[in-house]
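Topology and contacts: notes
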Amino acid sequence: NATYSSQSNTNATTSYVELVSFTYTPATANSGVGLVGFASGHISSSTSDLPTTITIQIQVDGSAVATSSGIAVGTAEHFWNLQVMFADIDRSASSHTYSLDVKGTTVNTVSVPTGQAGLGLVDFDNG
């Protein structure tokens, strides 16, 4: 089984902002899920606070389980691209909420245009 979600235009500064979210119930209590998230965008406003560290994270039921960071340097409109992966084994066979979030480290606006972020999930049985 696989599921995928993508987002609409999103802006963030120094607090995490949700890009995508969905709920999913693993097939069995022995199932594992593999998650892959990606996001790309640009710094849409610039102050003297550059460089900006951009972080994306995968959350399961509201708790961060994996992060990926990169640094945007230079002036406004600097582009960035990040990926993050996580394997989740033996979580209960009940509904869980999976999300991908983004934030920056400065007051610069981290912009993720529509369709430039997604979170994919594959359910596999570890038997």
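Bear in mind that the values here come from a model prediction, so they are computed numbers and not experimental data. (Residues numbered from 1 in each chain as written. Predicted model: local features only at pLDDT ≥ 70, side-chain atom pairs only at ≥ 80, totals over all residues. Heavy atoms only, no water.)

Here we come to the overall build of the protein. Within the protein one finds zero helices and ten strands. Mapped from its N terminus to its C terminus, the protein presents α and β elements in the order β-β-β-β-β-β-β-β-β-β. When burial is assessed residue by residue, the protein has 43% of its 127 residues classed as buried. Of the contacts made within the protein by residues no fewer than 6 positions apart, 79% connect residues no fewer than 24 positions apart. Accessible surface, the protein as shown: approximately 5800 Å² in total, 51% of it carbon and sulfur. (Helix = DSSP H or I, 4+ residues; strand = E, 2+ residues; numbered from the N terminus. Buried < 20%, exposed > 50% of the residue type's maximum accessible area, 1.4 Å probe, protein only. Contact = heavy atoms within 4.5 Å. Areas by Shrake-Rupley, 256 points an atom, 1.4 Å probe, with all protein chains shown as cover.)

For strand S8 (residues 96–104), the buried fraction is high: seven of the nine residues fall into the buried class. Note that strand S3 (residues 17–24) and S8 share seven bridges and pair antiparallel. Pairing of Val 17 across the sheet is with Val 102, part of S8. Where strand S5 (residues 52–60) meets S8, seven bridges bridge the pair, whose relative direction is antiparallel. Bridge pairing in S8 places Ile 56 opposite Val 102. (Pairing = 2+ DSSP bridges.)

Moving on, we come to the side chain of Thr 55. With respect to the helices, strands and loops of the structure, Thr 55 is situated in strand S5. In this structure Thr 55 comes out as buried when scored by relative accessible area, which is 9%. Polar contacts involving the side chain of Thr 55 include one to the side chain of Ser 69, which spans 2.8 Å. Apart from the residues within four sequence positions on either side, Thr 55 is in contact with Tyr 16, Thr 67, Ser 68, Ser 69, Asp 101, Val 102 and Lys 103. (Polar contact = N/O pair within 3.5 Å; in protein donor to acceptor, adjacent residues only side chain to side chain.)

With that settled, the discussion passes to the nonpolar core. By size, the foremost hydrophobic cluster in this structure holds 27 residues, and its most contacted members are Leu 35, Ile 54, Trp 80, Tyr 98, Leu 100, Val 102 and Leu 119. Broken down by secondary-structure element, the contributors of at least two residues to this core are S3, strand S4 (31–43), S5, strand S6 (63–72), strand S7 (79–89), S8, strand S9 (110–112) and strand S10 (117–125). Sequence-distant contacts of Leu 100, that is, excluding residues within four places in its chain, are made with Val 17, Glu 18, Leu 19, Val 20, Gly 37, Phe 38, Ile 56, Gln 57, Ile 58, Val 84, Gly 118 and Leu 119. (Core = buried A, V, L, I, M, F, W, Y, C linked by side-chain atoms within 4.5 Å.)

This brings us to the packing of aromatic side chains. Tallied over the entire structure, the rule returns one aromatic pair. Ring geometry for Phe 22 and Tyr 98: centres 6.0 Å apart, planes at 35°, overall tilted. With a gap of 76 residues between them, Phe 22 in strand S3 and Tyr 98 in strand S8 connect regions that are remote in the sequence. Residue Tyr 98 is classed as buried on the basis of its relative accessible area, which comes to 0%. (Phe/Tyr/Trp six-rings, centres within 6.5 Å; stacked < 30°, edge-to-face > 60°.)

The next point concerns the environment of Gly 41. By secondary structure assignment, the location of Gly 41 is in strand S4. Exposure remark for Gly 41: the relative accessible area of 6% places this residue in the buried category. Placed 38 residues apart in sequence, Gly 41 and Phe 79 show a C-alpha to C-alpha distance of 5.7 Å. Residues within four places of Gly 41 in sequence aside, it is in contact with His 78, Phe 79, Trp 80, Ser 111, Val 112 and Pro 113.

No statement about biological role is implied by the geometric values presented.
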